[in-house]
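Observations on chain architecture
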Amino acid sequence: MSTNESLNESLNAADPIFARRGEGTVSSRTSIDEESMLPATAYQIVHDETMLDGNARLNLATFVGTWMDEHAIKLYNDAFQKNMIDKDEYPQTAAIEQTCWKMLGDLWHAPDISKTIGCSTIGSSEACMLGGLALKRRWQEARRKDGKSTDHPNLVMSSAVQVCWEKFCNYWDIEPRLVPIPEEHKTLDGHDLDKYVDENTIGVVSIRGVTYPGMYEPVQQVAEALDRIQEKTGLDIAIHVDGASGAMVAPFLQPELAWDFRVDRVHSISTSGHKYGLVYPGLGWVVWRDKEYLPESLIFYVSYLGGDMPTFALNFSRPGAQVLLQYYLFLRLGRKGYFEVQKASQDVALFLSKGISELGPFELWNDGSDIPVFAWRIKEGYTDKWTLYNLQDRLRTRGWLVPAYPLPDDLSNVTVQRIVVRNGLSMDLAALLLNDIKTQTQYLDGLEGAVPQEAPQSAFHH
């Protein structure tokens, strides 16, 4: 290093950081500056700006994991540069990906692991779309074989599906047939299914943990309804289970429930590794019970350890580190550990739902006994001074993000508030939250007049 370079470095190091260019001036928000700045200054700017974000641990709107242990963080730092798509350069990461989806296939009771096939994805939305594409292509190939038209495919699902399914239908020219969810049928339970399926139906989606309130849709009941339809019409319609949240909860907390590959009509299951799989974002998984349900025409093959590995994805380059984190958790926790983590979250959810139901103004929509998620509404006639949107805003002043939002079609006049309990929300924090809900409710009840109501502003975007 030259004398001048050494002198300049010493001078820069001595500069008060908040007086340096960048911190002491306002940078352009629309173009890249001509000059460079010290890495410490650039770091400080980004660090300071993101202080305006909410505290991720207090975000009870998201299903996405916000905590991992120090060993997982170290592993992530060791592997964040790995590209999952580059199976030739990172063959062991590719092998671990295969190990993970086989473990999931076993967890979900695949009849023969040697005949299953699966893959990792960026998140459960991509996993859903891959499951949907397989349904569509399989339907198309069967129709062409019989000399029938492949125009106007449709997909049947509840009106409470996550928006990724609406995107799927839009992007791949499929008619979405949304079964309304009235109060007497809070989930898609097979009611009136015969009014929605026909020869152009590529499949039915059943949700293992509906995003709005967290309830399970009864896959077995949906399958039985489809059995009755087949007896009458001959239509053999498959089920894709959207297990974004519940497919990593039900095997541990409700192992007796038949919703997975124990139900013959279930051809594929998707889940989110970065939700109750407990990994940082973004990671999803999709597994087919048998290779025959993933049409060969959708699969590409890449060189891998001297042979070919099948690949099926919408994304190309994407992180490999999250796959390694999932494998770490499978090793670290095992089935016993996953049970303990999910049970702890469910205990917190039940504690909170019971406490909220006892406050007076509220009635539960569900209590969190499926996945650790529950929702509530204000009792009819309780007050005309405030709404759940006002409670949402009051809780935000304490740092809590607890969203209020309307339910889907046929129940859009009902506003609920929802809590997602994830690993990291301790019972101690939950007690503080419950006290804050009580305090803010008392504050709103004590107002002399009604809170001015603007257009509802939900922090929740389904």
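Residues numbered from 1 in each chain as written. Predicted model: local features only at pLDDT ≥ 70, side-chain atom pairs only at ≥ 80, totals over all residues. Heavy atoms only, no water.

Details of unusual backbone geometry
Basically, it comes down to this: A run of DSSP states H or I qualifies as a helix once it reaches four residues; a run of E qualifies as a strand once it reaches two. Both are numbered from the N-terminal end.
Cis peptide bonds are those with omega within 30 degrees of zero, and the linkage from Pro-281 to Gly-282 qualifies with 0°. You can see Gly-282 is positioned in the loop between strand E6 (266–272) and strand E7 (284–288). The phi dihedral of Asp-173 falls on the positive side, at around 50°, and the residue is not glycine.

Regarding the pairing of strand E13 (residues 415–420)
Threshold: Note on exposure labels: buried denotes an accessible area under 20% of the residue type's maximum, exposed denotes more than 50%, and partly exposed covers the range between, all computed with a 1.4 Å probe on protein chains only. DSSP-based pairing: two strands are paired if at least 2 bridges between them are found.
Of all six residues in E13, five are buried, a share of seventy percent or more. When strand E11 (residues 373–378) meets E13, the two strands line up antiparallel, connected through four bridges. Directly across from Trp-376, in E13, lies its bridge partner Gln-417. Taken together, the three bridges between strand E12 (residues 404–406) and E13 define a ladder with antiparallel strand orientation. Note on E13: the bridge partner recorded for Tyr-405 is Val-416.

Concerning helix H7 (residues 219–233)
The condition is simple: Expected helix span is computed as 1.5 Å times (number of residues minus one). To be clear, the arc concerns the directions from the helix axis to the C-beta atoms. Note on contacts: a residue pair qualifies if any of its non-hydrogen atoms lie within 4.5 Å across the two residues.
Its 15 residues place the ends of H7 21 Å apart at the C-alpha level, agreeing with the 21 Å of an ideal helix rising 1.5 Å per residue. For H7, the set of buried residues is Val-219, Val-222, Ala-223, Ala-225, Leu-226 and Ile-229. The buried side chains of H7 occupy one side of the element, clustering within an arc of 160° when seen end-on. What points out from H7, more than 90 degrees from its buried face, is the exposed set Glu-231 and Lys-232. Residues of H7 that are buried make contact with strand E4 (201–207), strand E5 (239–243) and E6. Positive backbone phi, at 85°, marks Gly-234, one or two positions downstream of H7.

Re the packing of helix H5 (residues 124–145) against helix H6 (residues 163–171)
Counted only if it meets this: Structural elements are reduced to axes, namely lines fitted to C-alpha atoms, with helices fitted over the stretch in contact, and the angle between N-to-C directions of any two is expressed from 0 to 180 degrees. Here the word oblique covers every angle except those under 35 degrees (roughly parallel), over 145 (roughly antiparallel) and from 65 to 115 (roughly perpendicular). In a left-handed crossing the near helix is turned counterclockwise from the far helix by less than a right angle, and in a right-handed crossing that turn is clockwise. The classification used treats Ala, Val, Leu, Ile, Met, Phe, Trp, Tyr, Cys and Pro as nonpolar, Asp, Glu, Lys and Arg as charged, and all other residues, Gly among them, as polar.
It is the contact of H5 with H6, at a shortest axis distance of 9 Å, that shows an interaxial angle of 45°. On the basis of their axis angle, the class for H5 and H6 is oblique. Seen along the crossing, H5 lies across H6 with a hand that is right-handed. Contacts from Ser-125, Cys-128, Met-129, Gly-132 and Leu-133 of H5 reach H6 at Cys-164, Trp-165, Lys-167, Phe-168 and Tyr-171. Along the lines of polarity and charge, the residues of the contact of H5 with H6 split into seven nonpolar, two polar and one charged.

Details of the packing of aromatic side chains
In this description, a pair of aromatic rings is defined by centroid distance and the angle of the planes. Quick note on the threshold: Stacked, tilted and edge-to-face are the three classes applied to pairs of Phe, Tyr and Trp rings, where Trp contributes its six-membered ring and a pair requires centres within 6.5 Å; stacked means planes under 30 degrees apart, edge-to-face means over 60, and tilted covers the rest. Think of it as a cone above the ring: NZ of Lys or CZ of Arg counts as a charge over the ring if it is within 6 Å of the ring centre and within 35 degrees of the ring normal.
One pass over the structure, following the stated rule, counts twelve aromatic pairs. With a centroid separation of 5.8 Å and 50° between ring planes, the pair formed by Tyr-212 and Tyr-405 is classed as tilted. With Tyr-212 in the loop between E4 and H7 and Tyr-405 in strand E12, the pair connects residues that are 193 residues apart, well separated along the chain. Here Tyr-212 matches Tyr-405 in class, with each residue buried. Between Tyr-382 and Trp-386, the aromatic rings sit 6.4 Å apart at their centres with planes inclined by 80°, giving edge-to-face as the arrangement. Take Trp-386: its relative accessible area is 2%, and that puts it in the buried class. Within the aromatic cluster, the residues linked to one another by ring pairs are Phe-362, Phe-374, Trp-376, Tyr-382 and Trp-386. One cation-aromatic arrangement involves Lys-186 over Trp-365; the distance from NZ or CZ to the ring centre is 4.2 Å. Of note, Arg-208 hangs over the ring of Tyr-216, and the distance from its end group to the ring centre comes to 3.9 Å.

Digging into the side chain of Lys-385
For the record, the criterion: Any pair of nitrogen or oxygen atoms within 3.5 Å is treated as a polar contact; in protein, a donor-acceptor pairing is required on top of that, and neighbouring residues in sequence qualify only through side-chain atoms on both sides.
Inspection of the secondary structure puts Lys-385 in the loop between E11 and helix H10 (388–396). A polar contact is formed between the side chain of Lys-385 and the backbone oxygen of Asp-445, at a distance of 2.7 Å. Residue contacts for Lys-385: discarding those within four places in its chain leaves Leu-444, Asp-445, Gly-446, Leu-447, Gly-449, Ala-450, Val-451 and Gln-453.

Overview of the sheet that holds E13
Through backbone hydrogen bonds, the strands of a sheet pair up, either in parallel or in antiparallel fashion. One open sheet holds the four strands; their spatial order is E10-E11-E13-E12, and the pairing between them is antiparallel. What marks the edges here is a single partner per strand, and that holds for strand E10 (362–364) and E12. Recorded for the sheet is a direction-independent mean angle of 40° between the axes of neighbouring strands. Docked against the sheet, helix H9 (residues 321–357) engages E10, E11 and E13, running at close to 10° with respect to E11.

Quick word on the nonpolar core
The cut-off we apply is this: We call a set of buried Ala, Val, Leu, Ile, Met, Phe, Trp, Tyr and Cys residues a nonpolar core when their side-chain atoms join them within 4.5 Å.
Formed by 58 residues in total, the largest nonpolar core has its most connected members in Trp-108, Leu-193 and Leu-226. Looking at which element gives the most residues to this core, the answer is H9, with ten residues. Membership of the second largest hydrophobic core comes to 40 residues, among which are Cys-119, Trp-165, Tyr-212 and Ala-238.

Some words on the environment of Ala-160
With respect to the helices and strands, the residue Ala-160 is situated in the loop between strand E2 (154–158) and H6. Exposure remark for Ala-160: the relative accessible area of 6% places this residue in the buried category.

A look at the sheet that holds E6
As summarised here, the arrangement of the seven strands in space is E1-E7-E6-E5-E4-E2-E3, forming an open sheet in which the pairing is mixed. Each edge of the open sheet is held by one strand with a lone partner, namely strand E1 (117–121) and strand E3 (175–179). Ignoring strand direction, the axes of neighbouring strands in this sheet form an average angle of 20°. When E6 meets E7, the two strands line up antiparallel, connected through five bridges. The residue of E7 that forms the bridge with Ile-269 is Val-287. Along the sheet face, helix H4 (residues 91–107) touches E1 and E7 and points at about 60° away from the line of E7. Together, E2, E3, E4 and E5 form the strand contacts of H6, whose direction differs from that of E2 by roughly 165°.

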